[in-house]
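A look at the structure
Spelled out from the first residue to the last, the chains are:
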Amino acid sequence: LRGIGLAQVRANLQLIIERLQKAGIHIVLAGMKLPPNYGPDYTEGFATLYAELARRNNVTLIPFFLDGVATKPELNQSDGLHPTAEGYRIIVDRIWPILHPLIDRHAHAP
């Protein structure tokens, strides 16, 4: 939300992914979306970079971490950005189908 250039955001995330993969860590990339006040070019570019990075690096993607919670005042704290306890329950319900198989796979790995 700081309006950092998309090339820099992409480079920063790519570096993090590379370092984690080198350490043997399984990555789940949690995508985000921006409010429209950043302008259509920046907002659309930001929205696509997570899927691009996930594809390029063969990592699991949660397309939008706040899906079902963002923009719903009753599910967010007074700052309008951070979810309430109920908001987090919804987030967990939505990401669990993505995380559960990964946890099971790693729990049963030799």
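Computed from a predicted model, the values in this text were never measured in an experiment.

This part is about the overall build of the protein. Each helix and strand counted, the protein has three helices and two strands in total. Ordered by position from N to C terminus, the α and β elements of the protein give α-β-α-β-α. With respect to the principal axes defined by its C-alpha atoms, the protein has extents near 45 × 35 × 15 Å. Here the protein, with 110 residues, has 30% of them falling under the buried criterion. In the protein, the proportion of contacts linking residues at least 24 apart, taken out of those at least 6 apart, comes to 61%. Accessible surface, the protein as shown: approximately 7500 Å² in total, 59% of it carbon and sulfur.

Quick look at the layout of surface pockets now. Estimated volume of the largest pocket: approximately 370 Å³. As for the largest pocket, its lining consists of 17 residues, and the residues nearest its centre are Met32, Lys33, Leu66, Ala70 and Leu81. For the lining of the largest pocket, the class distribution of residues is 12 nonpolar, four polar and one charged.

With that out of the way, let us pick up helix H3 (residues 85-107). Under the 1.5 Å per step criterion, the end-to-end length of H3 is only 28 Å for 23 residues, more than 12% shorter than the ideal 33 Å. The sharpest bend along H3 reaches about 50° and sits at Trp96, with the proline Pro97 one to four residues further on. Residues of H3 that are buried: Gly87, Ile90, Ile91, Ile95 and Leu102. Here the buried face of H3 lies against strand S1 (28-30) and strand S2 (60-62).

A word on the packing of aromatic side chains. Applying the stated criterion across every chain, the model contains three aromatic pairs. Here Tyr38 and Tyr42 contribute two aromatic rings whose centre-to-centre distance is 5.8 Å and whose plane-to-plane angle is 20°, an arrangement assigned as stacked. By relative accessible area, Tyr38 is classed as partly exposed at 26%. By relative accessible area, Tyr42 is classed as buried at 16%. An aromatic cluster of three or more residues is present, and its members are Tyr38, Tyr42, Phe46 and Tyr50.

Let's shift gears to unusual backbone geometry. In this structure, Asn58 takes a positive phi of about 55° despite not being glycine. By the secondary structure assignment, Asn58 is in the loop between helix H2 (40-57) and S2. Overall, Asn58 belongs to the exposed group, its relative accessible area being 72%. Here Thr71, not a glycine, exhibits a phi torsion of approximately 70°, which is positive. The residue Thr71 is located in the loop between S2 and H3 in this model.

Core analysis: the biggest nonpolar cluster contains 14 residues, and Leu29, Phe46 and Leu49 have the highest contact counts within it. Listing elements by their share of this core, those giving two or more residues are helix H1 (6-22) and H2. The element contributing the most residues to this core is H2, with six residues. In this structure Leu29 touches Ile17, Tyr50, Leu53, Ala54, Val59, Thr60, Leu61 and Ile62, once residues within four positions along its chain are discounted. One finds Ile62, Ile90, Ile91 and Ile95 within the second-largest nonpolar core, a separate group that totals eight residues.

Thresholds applied
- Residues numbered from 1 in each chain as written.
- Predicted model: local features only at pLDDT ≥ 70, side-chain atom pairs only at ≥ 80, totals over all residues.
- Heavy atoms only, no water.
- Helix = DSSP H or I, 4+ residues; strand = E, 2+ residues; numbered from the N terminus.
- Buried < 20%, exposed > 50% of the residue type's maximum accessible area, 1.4 Å probe, protein only.
- Contact = heavy atoms within 4.5 Å.
- Areas by Shrake-Rupley, 256 points an atom, 1.4 Å probe, with all protein chains shown as cover.
- 1 Å grid on protein atoms, 1.4 Å probe; cavity = no way out; pocket = protein on both sides within 12 Å on 5 of 7 lines; lining within 4 Å.
- Points joined across faces, edges and corners; volume = space filled by probe spheres on them.
- Nonpolar A, V, L, I, M, F, W, Y, C, P; charged D, E, K, R; others polar.
- Expected span 1.5 Å × (residues − 1).
- Bend = angle between axes of the 7 residues up to and from the residue.
- Phe/Tyr/Trp six-rings, centres within 6.5 Å; stacked < 30°, edge-to-face > 60°.
- Core = buried A, V, L, I, M, F, W, Y, C linked by side-chain atoms within 4.5 Å.

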